[in-house]
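Structure assessment
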Amino acid sequence: MKAVTWQGKRDVRVEEVPDPRIQEPTDAVIRVTSSGLCGSDLHLYEVLTPFMTPGDILGHEPMGIVEEVGSEVTNLKPGDRVVVPFQIACGHCYMCDTGLPTQCETTQVTGEGMGAPLFGYTRLYGAVPGGQAEYLRVPQAQYGPIKVPEGPADDRFVYLSDVLPTAWQAVEYASVPQGGSVAVLGLGPIGDMACRIARLKGVEQVFGVDLVPERLERARARGVETYDLRSFDNEKELVAAIQDRTDGRGPDAVIDAVGTEAHGGAVAKLVQQTAAVMPRAIGSPLAERFSVDRMAALYTAIDLVRRGGTISLSGVYGGMADPMPMLTLFDKQVQLRMGQANVRRWSDEIVPYLTDQDPLGVDGFATHRVPLADAPHAYEMFQKKQDGAVKVLMKP
């Protein structure tokens, strides 16, 4: 089959690889019909290269048609249309039972000290072959895949794999009080969708911050009060502008949907780039023990949120030596919530909104739809924020 493979920093290729097959009785194999390109994929493209191996198959936002199931998968049959969550979990351990499938005790990558494995990601999360491919082996298929109806285009449902539950969890974790306010830093796919969900849930003031004109316009068109970073000389001016709209306090919650690739942080960027170009035997331990994130967005969130407010982190951070302003966090009594989205925890709440009325605008959410063969160009376009790219779907 054809699949998108990682070959090095900013080097992805579509190659022929072996077809997946059933290996365990809890496996399924699906024929992929759509697969998203995620901001987290760009971390592999640019930042987390020390943890990758040439030939790794990328992608963690797939949906498709069941081709084959293992003997212990009784809830699926060939021909079912399914969306595959980005994490792999059993559904019956203590962590899964408490709504934390990202911490699944059956599948945890214990050798790396990490939680549940992820499709198409680094060795820290199991290096499981991903979904930017023609076919995908799905472990723990008795729990993970979400069956969806025939009829609507894939765009209606594919975001259940990641975008929708990640944004939903970001808003839930923000715990915005009745009549309250939230600022969303970064209006890429997750930030954009988080704004839509916040408005759907009745949050009265939703502020969106970015510096890409097309992203700001998308959010503004859906009733978000937007702020263009390029209009401010520094972060303090941005903070003051939003504080002025919240009685001088700042918003009740801030969602950081940017993560480690935030603009700024020249020293951290140098550390990231140095580790990325080193031989893997040297760069990987360096990145694992001494990695430093570019923290501009998180620092802005800390300054911006009101005292006693909440910061919800959905943007990915991977540093082990990040400097944190603990005095400010403690003094302001800020609450922090974060983590990979627990897809199956939220999916049943989200599905009722995926209707012909389309209150979240999923049917038109993608800005680009490309064949799998165009993946290298799609990665470059998305990474450079060219051609108004906000969300890219690949069609094998």
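Since the structure is predicted, the reported quantities are computational estimates derived from the model, not experimental observations.

1. Some thoughts on helix α4 (residues 189-200)
The end-to-end C-alpha separation of α4 is 16 Å, in line with the 16 Å expected for 12 residues at 1.5 Å each. Among the 12 residues of α4, 10 are classified as buried, and the element is accordingly described as predominantly covered. Among all positions in α4, only Pro189, Ile190, Gly191, Asp192, Met193, Ala194, Cys195, Arg196, Ile197 and Ala198 are buried. The inward-facing, buried residues of α4 contact α3 (163-174), β8 (181-185), β9 (205-210), α5 (213-221), β11 (253-256) and α12 (375-383). Positive backbone phi, at 90°, marks Gly202, one or two positions downstream of α4.

2. Observations concerning the nonpolar core
If you look at the biggest cluster of nonpolar residues, it comprises 70 residues, and the most contacted ones within it are Tyr159, Leu164, Met193, Ile255, Tyr379 and Met394. When residues in this core are grouped by element, the largest group, eight residues, is from α3. Ignoring any residue separated from it by four or fewer positions in sequence, one finds Ile255 in contact with Ala170, Val171, Ala174, Val182, Ala183, Val184, Leu185, Ala194, Ser312 and Ser314.

3. Section: the pattern of salt bridges
Under the defined criterion, the tally for this structure stands at 25 salt bridges. The shortest N-O distance in the salt bridge between Arg369 and Asp155 comes to 2.6 Å. Residue Arg369 is located in strand β14 (residues 368-371), and its partner Asp155 is located in the loop between β7 (146-147) and α3; the two are separated by 214 residues in the primary sequence. Residue class for Arg369 comes out partly exposed when judged on its relative accessible area of 42%. For Asp155, a relative accessible area of 7% corresponds to the buried category. For Asp363, the salt bridge identified is with Arg156, shortest N-O distance 2.8 Å. Highlighted residues: Asp363 in the loop between α11 (343-350) and β14 and Arg156 in the loop between β7 and α3, separated in sequence by 207 residues. You can call Asp363 partly exposed: its relative accessible area is 31%. Note on Arg156: relative accessible area 8%, which makes it buried. A single salt-bridge network, built from bridges that share partners, covers Lys9, Arg10 and Glu46.

4. Quick look at the pairing of strand β1 (residues 2-8)
By the criterion of burial, β1 is predominantly enclosed, with six of the seven residues buried. Between β1 and strand β2 (residues 11-16), which pair antiparallel and follow one another directly, the connecting turn spans two residues, one of which, Arg10, has a positive phi of 55°.

5. Observations regarding the environment of Leu393
Relative to the helices and strands, Leu393 resides in strand β15 (residues 392-395). When the C-alpha atoms of Leu393 and Thr74 are compared, they prove to be 30 Å apart, with 319 residues separating the residues in sequence. When residues no more than four places from it in sequence are discounted, the contact partners of Leu393 are Ser35, Gly36, Asp155, Val158, Tyr159, Ala366, His368, Arg369 and Val370.

6. Digging into the UniProt feature "domain: Alcohol dehydrogenase-like N-terminal" (unreviewed entry) in the chain
When the UniProt feature table is mapped onto this chain numbering, "domain: Alcohol dehydrogenase-like N-terminal" (unreviewed entry) sits at residues 25-146. As a span, residues 25-146 carries 10% helix and 21% strand, and end to end its C-alpha atoms are 18 Å apart.

7. Focus on the pairing of β14
Here β14 shows one buried face, formed by His368 and Val370, and one open face, formed by Arg369 and Pro371. Bridge analysis of β14 against β15 gives four bridges, and the strand direction is parallel. For Pro371, the partnering residue across the bridge sits in β15 and is Lys395. Note that the unit made of β14, α12 and β15 has a crossover that is right-handed.

Basis of the calculations
- Residues numbered from 1 in each chain as written.
- Predicted model: local features only at pLDDT ≥ 70, side-chain atom pairs only at ≥ 80, totals over all residues.
- Heavy atoms only, no water.
- Helix = DSSP H or I, 4+ residues; strand = E, 2+ residues; numbered from the N terminus.
- Expected span 1.5 Å × (residues − 1).
- Buried < 20%, exposed > 50% of the residue type's maximum accessible area, 1.4 Å probe, protein only.
- Contact = heavy atoms within 4.5 Å.
- Core = buried A, V, L, I, M, F, W, Y, C linked by side-chain atoms within 4.5 Å.
- Salt bridge = Lys/Arg side-chain N within 4 Å of Asp/Glu carboxyl O.
- Pairing = 2+ DSSP bridges.
- UniProt positions renumbered as here; feature names shortened; annotations may be inferred.
- Right-handed = clockwise from strand over helix to strand, strands pointing away.

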